[in-house]
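# Fold and geometry: a report
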Amino acid sequence: MSSTSDPGADLPEHVRRNREYWNREAAWYVEAGRRNWAAAEPRWGVFGVPEADLHVLPADVEGKDVVELGCGTAYISAWLARRGARPVGIDNSPEQLATARILQAEFGLTFPLHLGNAETTPFADSSFDLAISEYGASIWCDPCKWISEAARILRPGGELVYLVNGTIWMLAIPDGEDEPPPTDRLLRPYFGMHRFEWPGDFGVEFHVGYGDMIRLLRSSGFEVEDLIEVRPPAGATTGYAYHSVDWSRRWPAEEIWKARKVR
Ligand SMILES: C[S@@+](CC[C@H](N)C(=O)[O-])C[C@H]1O[C@@H](n2cnc3c(N)ncnc32)[C@H](O)[C@@H]1O
């Protein structure tokens, strides 16, 4: 522990910067968090695809111990709690967790929330049946660290499910503080992709290519069970300027990985 009063002083550089970034952003996510907490059925990604169409979650989560890595406002944990699971959320941003606590009180549903870095969690080995992340640890943590940490805290046979930006999408979005939509050109190299920073202060993200992701999962003890390439449903719209329905009908803007801990 640092001798200074800053509890973030000992964090790795990208984790400290992402904490600052998400503390600044948190206020913008309160209403979206509230809408998602209120949703009767889980919906996934920027196009809000219903769970019934994608089958992201295990069919039965009743009694399962679940950890949400980078839970933010923790609506996924709320959805899982309503299905009978025992969720625990961990997030790096005190401000995001403050929103999660407000929503817990509003909706009368509580579960443990931890402030911490999903790359090095405080949880015991083999404590969860399901680890899940939607644009949380899955893009803000270094996969070389958070995937092996997820393997450590999952029980044998446990499932890892995470949603990330599409790999091609990551290569097709222009730099720009106004967050322009993706182009039909590959603007940066695929080989070597790992750490991403955008002009302006958007924090630090991590995205790796398919081969690297599969090797990382397998060397951490997982078998890949599915890679769901999310497609906009009929009539889809999006309020996100950096997404485009037309583009996403041609290429995957979002991907959901599903893996199982086999050793
Ligand atoms: C886009 S939000 C996604 C969370 C949730 N699905 C939501 O929309 O509220 C990204 C979250 O990842 C968290 N995060 C970033 N780096 C993290 C880390 N190293 N450990 C845990 N959480 C992290 C941020 O604080 C933020 O709350």
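Keep in mind that what you see is a predicted model, and the values were worked out from it rather than measured. Counting starts from 1 at the beginning of each chain's written sequence and moves along it residue by residue. Selection of residues for local features in this predicted model requires a pLDDT of at least 70, selection of side-chain atom pairs for listing and counting requires 80 or more, and totals for whole chains, interfaces and linings are taken over all residues. Values shown for side chains rest on all heavy atoms present in the structure; no hydrogens or waters enter the calculation.

### A word on the sheet that holds strand β5 (residues 113-115)
Any two strands with at least two DSSP-identified bridges between them are counted as paired. To qualify as a helix, a DSSP run of H or I must reach at least 4 residues; to qualify as a strand, a run of E must reach at least 2; elements of each kind are numbered from the N terminus. Across the sheet, which stays open at both edges, the 7 strands sit in the order β5-β4-β3-β6-β7-β11-β10 with mixed pairing between neighbours. With one partner strand each, in any of the chains shown, β5 and β10 (222-230) form the two edges of the open sheet. Averaged over all pairs of adjacent strands, the angle between their axes in this sheet comes to 15 degrees, without regard to strand direction. When strand β6 (residues 128-134) meets strand β7 (residues 154-165), the two strands line up parallel, connected through 6 bridges. Across the sheet, the residue bridging to Ile 132 is Val 161, located in β7. Note on contacts: a residue pair is in contact if any heavy atoms of the two residues lie within 4.5 Å. Whenever a helix is involved, its axis is fitted only over the stretch in contact; in every case the axis is a line through C-alpha atoms, and angles between N-to-C directions fall within 0 to 180 degrees. Here helix α5 (residues 94-107) sits on the sheet and contacts β4 (86-91) and β5; the angle it forms with β5, its principal contact strand, is near 165 degrees. In the packing of helix α7 (residues 143-153) onto the sheet, the strands contacted are β3 (65-69), β6, β7, β10 and β11 (254-261), and the crossing angle to β7 comes to about 150 degrees.

### Brief notes about the site of the ligand
Nearness here has a simple test: a residue counts as near a molecule or strand if at least one of its heavy atoms is within 4 Å of that partner. Residues in contact with the ligand amount to 19 residues; listed here are only the nearest, Asp 91, Gln 96, Asn 117, Ala 118 and Glu 134. By the criterion applied in these results, polar contacts are pairs of N or O atoms within 3.5 Å in which, for protein atoms, one can donate a hydrogen and the other can accept it, and in which residues neighboring in sequence qualify only through two side-chain atoms. The side chain of Tyr 75 places a nitrogen or oxygen atom 3.1 Å from an oxygen atom of the ligand. A distance of 2.8 Å separates a nitrogen atom of the ligand from a polar side-chain atom of Glu 134. Look at the ligand: alone it shows 580 Å² of surface, and the protein chains cover 96% of it. Partitioning the shell around the ligand into residue classes produces 8 nonpolar, 9 polar and 2 charged. Residue-level accessible areas treat just the shown protein chains as cover; the underlying method is Shrake-Rupley with a 1.4 Å probe. Gly is put with the polar residues, along with every residue not named as nonpolar or charged; the nonpolar set is Ala, Val, Leu, Ile, Met, Phe, Trp, Tyr, Cys and Pro, and the charged set is Asp, Glu, Lys and Arg.

### Quick notes on the environment of Val 49
Structurally, Val 49 is set in strand β2 (residues 49-50). In the structure, Val 49 is positioned 86 residues away from Tyr 135 in sequence and 15 Å away in space, judged by C-alpha atoms. The contacts of Val 49, once residues within four sequence positions are left out, are Pro 42, Arg 43, Trp 44, Leu 54, Val 230, Arg 231 and Pro 233.

### Considering the side chain of Glu 255
Note that Glu 255 resides in strand β11. Partly exposed describes any residue whose relative accessible area lies between the buried limit of under 20% and the exposed limit of over 50%, with all areas from a 1.4 Å probe on protein chains only and scaled to the type maximum. In this tally Asp and Glu are treated as negative and Lys and Arg as positive; neither His nor the chain ends contributes. The term salt bridge refers to a side-chain nitrogen of Lys or Arg lying within 4 Å of a carboxyl oxygen of Asp or Glu. An unpaired buried charge is present at Glu 255: no salt bridge exists, and Arg 231, the closest side chain of opposite charge, is 12 Å distant. A distance of 2.4 Å separates polar atoms of two side chains, one belonging to Glu 255 and the other to Tyr 210. In this structure Glu 255 touches Tyr 162, Leu 163, Val 164, Asn 165, Gly 166, Thr 167, Tyr 210, Leu 227 and Ile 228, once residues within four positions along its chain are discounted.

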